[in-house]
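# Fold and geometry: a report
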Amino acid sequence: MSGTGVGGTRPGGTGTGAAGAGDDGREAGPPALVDHHCHSVVDGELDDEELAGLLTESDRPPAPGTSPLDSALGLAVRRWCPPVLGLPPHAPAADYLARRRELGAPEATRRLLAAAGLDTCLVDTGLTAAAGRPLLPLPEFAALTGADVREVVRLEALAEALDPAAAAWPGAVRAAVGAAVEGGAVALKSVLAYRHGLDVPAERPTDREVVAAAGARLRSGGGRLTDPVLLRHLLWSAVDACAGRGLPIQLHTGFGDPDLALHRADPALLAGFVRAAEPSGVPLVLLHGYPYHRQAAWLAQAFPQVYADLGLTASYVGPRVAAVLGEMLELAPFGKLLFSTDGYGLPELHLVGAAQFRHGLGALLASWRADGACSAGDVTRIARLLSAGNARRLYRL
């Protein structure tokens, strides 16, 4: 793969091959990575069960005799992470866990995050804990990654922190969303897929509808925001706030934990909202997607303001990463797909997400080059767009 991949030797030996070559035949350096969607990590000690529990989207204990480490994601962890901690690739899980304990969580976290080689991280701060332990504040996370860290504000968490009277709900939500944008958020994010499903009416609710729904929510005791009218109002408030600054809105799509009804997280269900929001010009970024990543790719091709990523998916599919990336790129224009890790809780997930992406994209583009489907210059250009260029343009970094 020399001269055709997009990998490069990362700290700790996590590189996957030579960098792409330019049209003049000279080797180009590995492209920088802008992780446009991730979370912070825990740097406290985790027991083996707690660590393994963060390698699955399930919030249930594993079935007897099974472990989340014994999965495609577990194979990826054992492929990329042991060398960073001084072990050979594919070290047995027990050896890896023992070595992690020997080093201590702070040192293991430092090594793993540094080895991910992330240039910029856009961090969703809507999650504040993992395995019952707090996530590192952004300044500490930035220091460990060595990355430029920016905040993505989660809309539902923002709204749930408010306590207005029902009549004041529409204005209070608009003000809070506007303040988040004015306060420096690089993007807003919605987890509508978790709270109701993506199959909501596309139209804006009226303030009268919002006040009635807010009143019903208050009478029921408040708590988690699940009312579809309030969720639609929150999303449209985000469209209005972002339109003034050209900021993107990220939307969870595809698989997640059992709190989600998977068939209602199909991004194709957003087509009506995408059409309704199109005049605003606000970019909509479809996160994750799997197993509906081809639908996400179609939306990215069909609508100018839609973008997509394969964060989370690239880690979980393990050895299939190149094939799944290829399925996404069957339709998605090269300028519309962005890299992310969706790393959360475990620093391993940031490293694995980065390494899987580098390796998978390198293998995919190498096969295209070998087949004569593109030039060496195309390989380099596409790799740089997906790795960082698209994110820098979209988020104005």
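Residues numbered from 1 in each chain as written. Predicted model: local features only at pLDDT ≥ 70, side-chain atom pairs only at ≥ 80, totals over all residues. Heavy atoms only, no water.

Before going further, it helps to examine the overall build of the chain. Along the backbone of the chain there are 16 helices and 10 strands. For the chain, whose C-alpha radius of gyration is 21 Å, the value lies close to the compact-globule estimate of 21 Å for 397 residues. Along the three orthogonal principal directions, the C-alpha set of the chain runs to about 60 × 50 × 35 Å. Across the 397 residues that make up the chain, the buried fraction comes to 55%. Once local pairs closer than 6 in sequence are excluded, the contacts in the chain between residues at least 24 apart make up 75%. (Helix = DSSP H or I, 4+ residues; strand = E, 2+ residues; numbered from the N terminus. Rg over C-alpha atoms; globule rule 2.2 N^0.38 Å. Buried < 20%, exposed > 50% of the residue type's maximum accessible area, 1.4 Å probe, protein only. Contact = heavy atoms within 4.5 Å.)

With that out of the way, let us pick up unusual backbone geometry. Proline 291 follows tyrosine 290 through a cis peptide bond whose omega is 5°. Mapped onto the fold, proline 291 is located in the loop between strand 8 (284-288) and helix 12 (293-302). You will see that alanine 131, though not glycine, has its phi angle at about 50°, which is positive. Tracing the sequence through the fold places alanine 131 in the loop between strand 3 (129-130) and strand 4 (133-134).

When you tally the buried positions in strand 1 (residues 33-38), you get six out of six residues, the bulk of the element. One ladder, built from four bridges, connects strand 1 with strand 2 (residues 118-124); its direction is parallel. Across the sheet, the residue bridging to leucine 33 is leucine 118, located in strand 2. (Pairing = 2+ DSSP bridges.)

The eight strands lie next to each other as 1-2-5-6-7-8-9-10, forming an open sheet whose pairing is parallel. The outermost strands of the open sheet, each flanked by one partner alone, are strand 1 and strand 10 (337-338). Contacting strand 1, strand 2 and strand 5 (148-154), helix 5 (residues 138-145) runs over the sheet at an angle of about 140° to strand 5. Taken strand by strand, helix 10 (residues 228-243) contacts strand 6 (187-190) and strand 7 (249-253), and its axis lies near 145° from that of strand 7. (Axes fitted to C-alpha atoms, helices over the stretch in contact; angles between N-to-C directions.)

Another aspect to go through is the side chain of histidine 288. Secondary-structure assignment places histidine 288 in strand 8. Setting aside residues no more than four positions away along its own chain, histidine 288 makes contact with His37, His252, Thr253, Asp309, Leu310, Gly311, Leu312, Thr313 and Asp342.

Moving on: the packing of helix 14 (residues 321-329) against helix 15 (residues 347-370). Remark: helix 14 packs on helix 15, axes separated minimally by 8 Å, with the N-to-C direction vectors making an angle of 65°. The angle between helix 14 and helix 15 places the two elements in the roughly perpendicular class. For the crossing formed where helix 14 meets helix 15, the hand is right-handed. Residue-level contacts link Val321, Ala322, Leu325, Gly326 and Leu329 of helix 14 to Gln356, Phe357, Gly360, Leu361, Ala363, Leu364 and Trp368 of helix 15. Split into classes, the residues belonging to the contact of helix 14 with helix 15 amount to nine nonpolar, three polar and no charged. (Parallel < 35°, antiparallel > 145°, perpendicular 65-115°, else oblique. Left-handed = near helix turned anticlockwise from the far one by under 90°. Nonpolar A, V, L, I, M, F, W, Y, C, P; charged D, E, K, R; others polar.)

Turning our attention to the confidence of the model for the chain. Of all residues in the chain, 93% have pLDDT values of 70 or greater, and the mean over the chain is 92. This model gives residues 1-27 a pLDDT under 50, and the stretch forms 83 contacts once residues within four places in sequence are excluded. (pLDDT = per-residue confidence, 0-100.)

Turning our attention to helix 4 (residues 105-116). Taking 1.5 Å per residue as the helical rise, helix 4 with its 12 residues ought to reach 16 Å, and the 16 Å between its terminal C-alpha atoms agrees with that figure. Considered for burial, the residues of helix 4 that qualify are Ala105, Ala108, Thr109, Leu112, Leu113, Ala115 and Ala116. Projected down its long axis, helix 4 carries its buried residues within an arc of 160°, all on one side. Packing partners of the buried residues in helix 4 comprise strand 1, helix 3 (93-103), strand 2, helix 5 and helix 15. Glycine 117 occupies a position one or two residues after helix 4 and carries a positive phi of about 65°. (Expected span 1.5 Å × (residues − 1). Arc of directions from axis to C-beta.)

In this section: the pattern of salt bridges. In total, this model carries 20 salt bridges according to the counting rule given. As a salt-bridge pair, arginine 294 and glutamate 330 come within 3.0 Å of each other at their nearest N and O atoms. You can see arginine 294 sitting in helix 12 and its partner glutamate 330 sitting in the loop between helix 14 and strand 10, a full 36 residues away along the chain. Several salt bridges share partner residues, and in doing so they unite Arg294, Arg320, Glu327 and Glu330 into one network. (Salt bridge = Lys/Arg side-chain N within 4 Å of Asp/Glu carboxyl O.)

Throughout the structure, instances matching the rule amount to six aromatic pairs. Ring plane angle 45° and centroid distance 4.8 Å describe the contact between phenylalanine 339 and phenylalanine 357, whose orientation is recorded as tilted. With a gap of 18 residues between them, phenylalanine 339 in the loop between strand 10 and helix 15 and phenylalanine 357 in helix 15 connect regions that are remote in the sequence. One exposure class covers both phenylalanine 339 and phenylalanine 357, and it is buried. Here the aromatic residues Phe255, Tyr290 and Tyr316 are joined through ring pairs into a cluster of three or more. Taking the ring centre of tyrosine 307 as reference, the NZ or CZ of lysine 336 above it sits at 5.1 Å. (Phe/Tyr/Trp six-rings, centres within 6.5 Å; stacked < 30°, edge-to-face > 60°. Lys NZ or Arg CZ within 6 Å of the ring centre and 35° of its normal.)

Here the focus is the nonpolar core. Among the nonpolar cores identified, the biggest contains 114 residues, and Leu188, Ile249, Phe273 and Leu361 are the most heavily contacted of them. Leu122, Ala187, Val285 and Leu394 belong to the second-largest nonpolar core, a separate cluster that totals 13 residues. (Core = buried A, V, L, I, M, F, W, Y, C linked by side-chain atoms within 4.5 Å.)

Before going further, it helps to spend a moment on the pairing of strand 5. Bridge count for strand 2 against strand 5 is five bridges, and the pairing is parallel. Bridge assignment links leucine 122 to a residue of strand 5, and that residue is arginine 150. Note: strand 5 against strand 6, three bridges, orientation parallel. Paired with valine 153 across the two strands is leucine 188, which belongs to strand 6.

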